[in-house]
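The residues making up each chain are set out below.
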Amino acid sequence: MIVGVGIDIVSLDEFRAGLSDALVRELFLPDEIAYAASRARPWESYAARFAAKEAAMKALGAGLSQSVAWKDIEVLRGTAGDLDLRFAGRALDLARAKGVTRSWVSVAHSGAAATAVVVLEAA
């Protein structure tokens, strides 16, 4: 059963203009940073992961005002290129309360924007 759906879009130009090492450390976990840093256009990967975290917050029905931290949501990349989420802290509490057993994540980026959709499923 689907218990949450979220979507987000990020302007690549605005995101890239505001991107700094300090912001990267605030928003992303080490594996997310390593993946994005390995890409030719890392800001696109960061923006897509940021959009996925925003979409996940929407799917959880929560956000920063409910004490969900950016690093409470990690975007994982599987060996086949598929994406998944790992929740920690307040995001994990909210996911457990909804009975989340699986997440579905899709991200895309073009020259102008990065988008993400998250679907949360319960057994």
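Summarised in this report is the structure supplied together with it. (Residues numbered from 1 in each chain as written. Predicted model: local features only at pLDDT ≥ 70, side-chain atom pairs only at ≥ 80, totals over all residues. Heavy atoms only, no water.)

### Describing the environment of Lys 58
Inference 1: With respect to the helices and strands, Lys 58 occurs in helix α4 (residues 42-60).
Inference 2: The class for Lys 58 is partly exposed, based on a relative accessible area of 42%.
Inference 3: With 39 residues separating them in the primary sequence, Lys 58 and Leu 19 have C-alpha atoms 23 Å apart.
Inference 4: Among residues more than four places away in sequence, those in contact with Lys 58 are Val 5, Gly 6, Ile 7 and Asp 8. (Helix = DSSP H or I, 4+ residues; strand = E, 2+ residues; numbered from the N terminus. Buried < 20%, exposed > 50% of the residue type's maximum accessible area, 1.4 Å probe, protein only. Contact = heavy atoms within 4.5 Å.)

### A few points about the pairing of strand β2 (residues 73-77)
Inference 1: In terms of strand pairing, β2 meets strand β3 (residues 83-87) through five bridges, oriented antiparallel. Paired with Val 75 across the strands is Leu 85, a residue of β3.
Inference 2: Between β2 and β3, which pair antiparallel and follow one another directly, the connecting turn spans five residues, one of which, Gly 81, has a positive phi of 90 degrees. (Pairing = 2+ DSSP bridges.)

### Considerations on the side chain of Glu 74
Inference 1: Tracing the sequence through the fold places Glu 74 in strand β2.
Inference 2: Glu 74 gets classed as buried once you look at its relative accessible area, which sits at 8%.
Inference 3: When sequence neighbours within four positions are dropped, the list of residues in contact with Glu 74 reads Leu 29, Asp 31, Glu 32, Asp 84, Leu 85 and Arg 86.

### Some remarks on the pattern of salt bridges
Inference 1: Applying the stated criterion to the full structure yields four salt bridges.
Inference 2: With its nearest N and O atoms 2.7 Å apart, the salt bridge here joins Arg 41 to Glu 44.
Inference 3: Judged by relative accessible area, which is 41%, Arg 41 ranks as partly exposed.
Inference 4: In this structure, the salt-bridge partner of Glu 74 is Arg 86, at a minimum N-O distance of 3.1 Å. Within this pair, whereas Glu 74 is found in strand β2, its partner Arg 86 is found in strand β3, the two being separated by 12 residues in sequence. (Salt bridge = Lys/Arg side-chain N within 4 Å of Asp/Glu carboxyl O.)

### Brief notes about the nonpolar core
Inference 1: Core analysis: the biggest nonpolar cluster contains 35 residues, and Leu 60, Ile 73, Leu 85, Phe 87 and Val 118 have the highest contact counts within it.
Inference 2: Only α1 (12-18), α2 (21-27), α4, β2, β3, α5 (89-98) and β5 (113-122) provide two or more residues apiece to this core.
Inference 3: Sort the elements by how many residues they give to this core and α4 lands first, with 12 residues.
Inference 4: Among all residues touching Leu 60, those that are not within four sequence positions of it are Phe 87, Ala 91, Leu 94, Ala 95, Lys 98 and Leu 120. (Core = buried A, V, L, I, M, F, W, Y, C linked by side-chain atoms within 4.5 Å.)

### A short note on α4
Inference 1: Taking 1.5 Å per residue as the helical rise, α4 with its 19 residues ought to reach 27 Å, and the 27 Å between its terminal C-alpha atoms agrees with that figure.
Inference 2: In terms of burial, α4 is largely enclosed, as 16 of its 19 residues are buried.
Inference 3: After α4 finishes, the residue Gly 61 shows a positive phi value of roughly 75 degrees. (Expected span 1.5 Å × (residues − 1).)

### Thoughts on a nonpolar patch on the surface
Inference 1: On the surface, Ile 2, Val 5, Ile 7 and Val 117 cluster together into a nonpolar patch covering about 370 Å² of accessible area.
Inference 2: The dominant element in the nonpolar patch, judged by the number of residues it contributes, is strand β1 (residues 2-11), at three residues.
Inference 3: Note on placement: Val 117 falls in strand β5.
Inference 4: The exposure class assigned to Val 117 is partly exposed, which follows from its relative accessible area of 33%. (Patch = residues over 30% accessible without salt bridge, like charges linked within 9 Å, V, L, I, M, F, W, Y side chains within 5 Å. Areas by Shrake-Rupley, 256 points an atom, 1.4 Å probe, with all protein chains shown as cover.)

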